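Listed below are the residues making up each chain.
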Amino acid sequence: MAISHKEKILIEILNLFKTSPDKCISGTELSNRFGVSRTVISRYIKSLEELGYKFEKRTAVGYRLIYIPDTLHPVEILSMLETRYMGRNYFYCEELESTNDKAISLALQGAPEGSCVVANAQTQGRGRLNRSWLSIPGKGLYISILLRPSIEPKKAPQLTIISAFALIDTLKQLYNMEAKLKWPNDVVVKGKKLAGILSESHVEPQKTRFVVIGTGINVFHRKEDFTGHFRYSPTSVAIELSFSRPIKRQDILCEFLLTFENHYEDYIRNGWSNWVDRMHRDSVLSGKKVDVDTGSGKISGRAIGFSEEGGLIVETPEGKKHTILIGDVLRVTPEG
Ligand code: BTN
């Protein structure tokens, strides 16, 4: 989704205001810099106001940016994104059925690696195992990233884990929040689910054509927003911060894309082994008693670690070790 000429200028105008936050910039300075009349500049400022930005306007002095809204509009995201390619091809919609579906259709049309689809709401947000994902307008982040890694198809689930670690590091960086990985695809805070990841791959026998990593993050949700049945107790960034700090979804999105790009590059360059070590350290399951639904039966025992491929290793009371590559953890009990 190529952005329009006008959006490019809006991004440049925003960058100018953001790099000198307290500065009042005159209409003349803006019109000289962008080579358009002051009337056109005032129209651009109006367009930004329509997106929720607020300016202080001082007659004969100029404009000062005084408020940046919570918005995922490309003008805001592309004015703050620091990545090289992750999210640079940015597709945003107020409402989509599912960002994963949109990302898959863009992938089939040849969209480049790092393309990112974001929606303010989803009408058919999907979770793993045919579950739905609560996608209330404006409350959460619904993100799908397209990757085209040269890896064997069986390794694609490793990218889910990398994405979970990118989110865990984002939450630490922005809010000093201690989030953990709950194998295979959840990010939890104090035992409650804050985010889930649904990766979907298109593969040929020995080759991965592309992988779409869909991440759903509960951001502004209050307890009463979580209506319906949840397998795991849900939480949100705002709940975990006790609604005590300003939160902007664009901060989470841009930090997540930057961290994900770094982690993904490291994975492509140096391989998976460092990430297995991290799984041992940062997983809520390590050492716990678990019941895991493998799709072809239930395995109960103690989670003793992770395999080289990223599978969960469970030791049954009889001492038999099972490596589970795909599964759903039904129950976790603290002591073993
Ligand atoms: C799960 O916990 O089961 C995974 C949930 C994944 C939800 C995200 S929201 C963005 C992307 N689009 C979807 O339809 N699903 C994923």
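For the structure given in this document, a descriptive report is provided here. (Residues numbered from 1 in each chain as written. Predicted model: local features only at pLDDT ≥ 70, side-chain atom pairs only at ≥ 80, totals over all residues. Heavy atoms only, no water.)

Re the site of the ligand
Contacts to the ligand come from 21 residues, most closely from Ser98, Gln122, Arg126, Arg128 and Lys193. One of the side-chain nitrogen or oxygen atoms of Lys193 is found 2.6 Å away from an oxygen atom of the ligand. Protein coverage of the free-state accessible area of the ligand, which is 420 Å², stands at 98%. Elements represented by at least two residues in the shell around the ligand include exactly α5 (99–108), β5 (140–147), β8 (192–204) and β9 (207–218). Looking at the shell around the ligand, the element that brings in the most residues is β8, giving 4 residues. Looking at the shell around the ligand, its residues break down into 5 nonpolar, 12 polar and 4 charged. (Near = heavy atom within 4 Å. Polar contact = N/O pair within 3.5 Å; in protein donor to acceptor, adjacent residues only side chain to side chain. Areas by Shrake-Rupley, 256 points an atom, 1.4 Å probe, with all protein chains shown as cover. Helix = DSSP H or I, 4+ residues; strand = E, 2+ residues; numbered from the N terminus. Nonpolar A, V, L, I, M, F, W, Y, C, P; charged D, E, K, R; others polar.)

Concerning the packing of aromatic side chains
Going through the model one piece at a time under the given rule, you end up with 7 aromatic pairs. Judged by centre distance (6.1 Å) and plane angle (25 degrees), the ring pair of Phe165 and Trp275 falls under stacked. Linking Phe165 in helix α6 (residues 157–175) with Trp275 in helix α9 (residues 273–282), this pair joins segments that are 110 residues apart in sequence. This pair shows no difference in class: Phe165 is buried, exactly as Trp275 is. A connected cluster of aromatic rings, assembled from ring pairs, spans Phe17, Phe55 and Tyr63. (Phe/Tyr/Trp six-rings, centres within 6.5 Å; stacked < 30°, edge-to-face > 60°. Buried < 20%, exposed > 50% of the residue type's maximum accessible area, 1.4 Å probe, protein only.)

Focus: the pairing of β8
Taken residue by residue, a regular strand's side chains alternate between the two faces of the sheet. Sheet topology note: the strand β7 (residues 186–189)/β8 ladder contains 4 bridges and is antiparallel. Note on β8: the bridge partner recorded for Asp186 is Gly196. A loop of 2 residues connects β8 with β9, the two strands running antiparallel in sequence. (Pairing = 2+ DSSP bridges.)

Considerations on helix α2 (residues 27–34)
Turning to α2, its buried residues are Gly27, Leu30, Ser31 and Phe34. An end-on view of α2 places all buried positions within 95 degrees of arc, on one side of the element. When the buried face of α2 is taken as reference, the exposed residues oriented beyond 90 degrees from it are Asn32 and Arg33. Lining the buried residues of α2 we find α1 (5–19), α3 (38–50) and β2 (62–67). (Arc of directions from axis to C-beta. Contact = heavy atoms within 4.5 Å.)

A closer look at the environment of Ser233
Mapped onto the fold, Ser233 is located in the loop between β9 and α7 (237–240). Along the primary structure Ser233 and Gly191 are separated by 42 residues, whereas in three dimensions their C-alpha atoms are 8.0 Å apart. Among residues more than four places away in sequence, those in contact with Ser233 are Lys192 and Lys193.

Digging into the side chain of Asn185
Its location among the elements puts Asn185 in the loop between β6 (179–182) and β7. At 2.8 Å, the side chain of Asn185 forms a polar contact with the backbone oxygen of Ile197. Discounting residues that sit within four places of it in the chain, Asn185 has contacts with Arg128, Thr160, Ala195, Gly196 and Ile197.

Regarding the environment of Lys298
As for its placement among the helices and strands, Lys298 is situated in strand β11 (residues 298–306). When its relative accessible area of 55% is taken as the criterion, Lys298 is described as exposed. Each C-alpha atom of the pair Lys298 and Leu285 lies 16 Å from the other, and the pair is 13 residues apart in sequence. When sequence neighbours within four positions are dropped, the list of residues in contact with Lys298 reads Asp291, Val292 and Leu330.

Here's the deal with the sheet that holds β5
Read across the open sheet, the 7 strands follow the order β3-β4-β5-β9-β8-β7-β6; overall the sheet is mixed. Looking at which strands have only one partner, the edges of the open sheet turn out to be β3 (90–96) and β6. Recorded for the sheet is a direction-independent mean angle of 20 degrees between the axes of neighbouring strands. Relative to β9, β8 is paired through 10 bridges, and the arrangement is antiparallel. Counted as the bridge partner of Leu198 is Gly214 from β9. (Axes fitted to C-alpha atoms, helices over the stretch in contact; angles between N-to-C directions.)

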